[in-house]
Amino acid sequence: MHLASLIPAFSARHPEVTIELGFNDRYVDLLEERWDVAVRIGRLANSALVARKLVAMRVVLCAAPSYLARRGTPTRLADLGDHDCLGHTNASLAGTTSWAFGKDGTIKVPISGSMCSDNGEALVRAAIAGQGLVYGPRFIAAEALRAGQLSELELDEPPMMLGAAYAITHPTRRPAAKTRAWIDFLAEALPALGTDW
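The structure reproduced in this document is the subject of the present report. (Residues numbered from 1 in each chain as written. Predicted model: local features only at pLDDT ≥ 70, side-chain atom pairs only at ≥ 80, totals over all residues. Heavy atoms only, no water.)

Attention shifts here to the overall build of the protein. For the protein, the helix and strand inventory stands at five helices and nine strands. Starting at the N terminus and ending at the C terminus, the protein contains elements arranged as α-β-β-α-β-β-β-β-α-β-α-β-β-α. In terms of overall size, the protein behaves like a compact globule, its C-alpha atoms giving a radius of gyration of 18 Å where 197 residues would be expected to give roughly 16 Å. Summarising its shape, the C-alpha atoms of the protein cover approximately 55 × 35 × 25 Å along the three principal directions. Taking all 197 residues of the protein together, 43% fall into the buried category. For the protein, contacts bridging at least 24 residues in sequence account for 73% of all contacts bridging at least 6. A total accessible area of about 10,600 Å² is found for the protein, and carbon and sulfur atoms account for 51% of it. Averaging the locations of the 20 positively and 21 negatively charged side chains of the protein gives two centres separated by 4 Å. (Helix = DSSP H or I, 4+ residues; strand = E, 2+ residues; numbered from the N terminus. Rg over C-alpha atoms; globule rule 2.2 N^0.38 Å. Buried < 20%, exposed > 50% of the residue type's maximum accessible area, 1.4 Å probe, protein only. Contact = heavy atoms within 4.5 Å. Areas by Shrake-Rupley, 256 points an atom, 1.4 Å probe, with all protein chains shown as cover. Lys, Arg positive; Asp, Glu negative; His and termini not counted. Charge placed at Lys NZ, Arg CZ, Asp CG, Glu CD.)

In the structure shown here, the tally under the stated rule is five aromatic pairs. Aromatic side chains Phe10 and Phe185 sit 5.4 Å apart centroid to centroid with 65 degrees between the ring planes, which places their arrangement in the edge-to-face category. On the criterion of sequence distance, the pair formed by Phe10 in helix H1 (residues 3-13) and Phe185 in helix H5 (residues 177-192) is long-range, its members being 175 residues apart. Of the two residues, Phe10 and Phe185, both sit in the buried class. Taken together, a centroid distance of 6.0 Å and an interplanar angle of 20 degrees make the contact between Trp182 and Phe185 stacked. Pair noted here: Trp182 and Phe185 are both in helix H5, with a separation of three residues, about one helical turn. Like Phe185, Trp182 is buried. Ring pairs connect the aromatic residues Phe10, Trp182 and Phe185, which therefore count as one cluster. (Phe/Tyr/Trp six-rings, centres within 6.5 Å; stacked < 30°, edge-to-face > 60°.)

Here H1 crosses H5 at 120 degrees, and the two axes come no closer than 11 Å. With respect to H5, the axis of H1 lies oblique. In this structure, H1 meets H5 at a crossing whose hand is right-handed. On H5, the residues that touch Leu3, Leu6, Ile7, Ala9, Phe10 and Arg13 of H1 are Lys178, Ala181, Trp182, Phe185, Leu186, Glu188, Ala189 and Leu190. (Axes fitted to C-alpha atoms, helices over the stretch in contact; angles between N-to-C directions. Parallel < 35°, antiparallel > 145°, perpendicular 65-115°, else oblique. Left-handed = near helix turned anticlockwise from the far one by under 90°.)

A separate point is the side chain of His170. Among the secondary structure elements, His170 is positioned in the loop between strand E9 (161-169) and H5. Residue class for His170 comes out buried when judged on its relative accessible area of 18%. Beyond its immediate stretch of four places on either side in the chain, His170 contacts Leu30, Leu31 and Leu49.

Following this line, the structure appears as structure tokens:
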């Protein structure tokens, strides 16, 4: 949603660098798949990988006004069992069978729904169309929230703290100058976007 739009500014600074972007919501093995850097969102597990924090991230629970008019507005965690919850197949804390609430994510709430996906943008689009509740990174839903296509919901417990977006490199390889330049650029450019992360 945001990285591709930053490429022209990066290329203007570093015209000799060729960029290959790969987008997916799965774990990427940097060495095996031959990537110089990955951008990962969330809480990082302890690992030997080298991480640089780019921007803090928040989670939001939201739904389309049309869905809320039809099904009612949940106000408590216990209400989620009565709703169509759109789960993410690659997200352990906002997955297909439970969602984590509380700042530390320790309150697990069972959920079910008629749709799940491995892509957060697809889930937001389905929520905009009235399919159900969506729970995920705020930046994915921010534009729809600003446009009134989605409404943010507040329950009796806060959403979990997602953590941040990180640039990840492999510790056994010293990042090339082009990789260091890209990471430095992202650390400067992402917070400057002013997006509601």
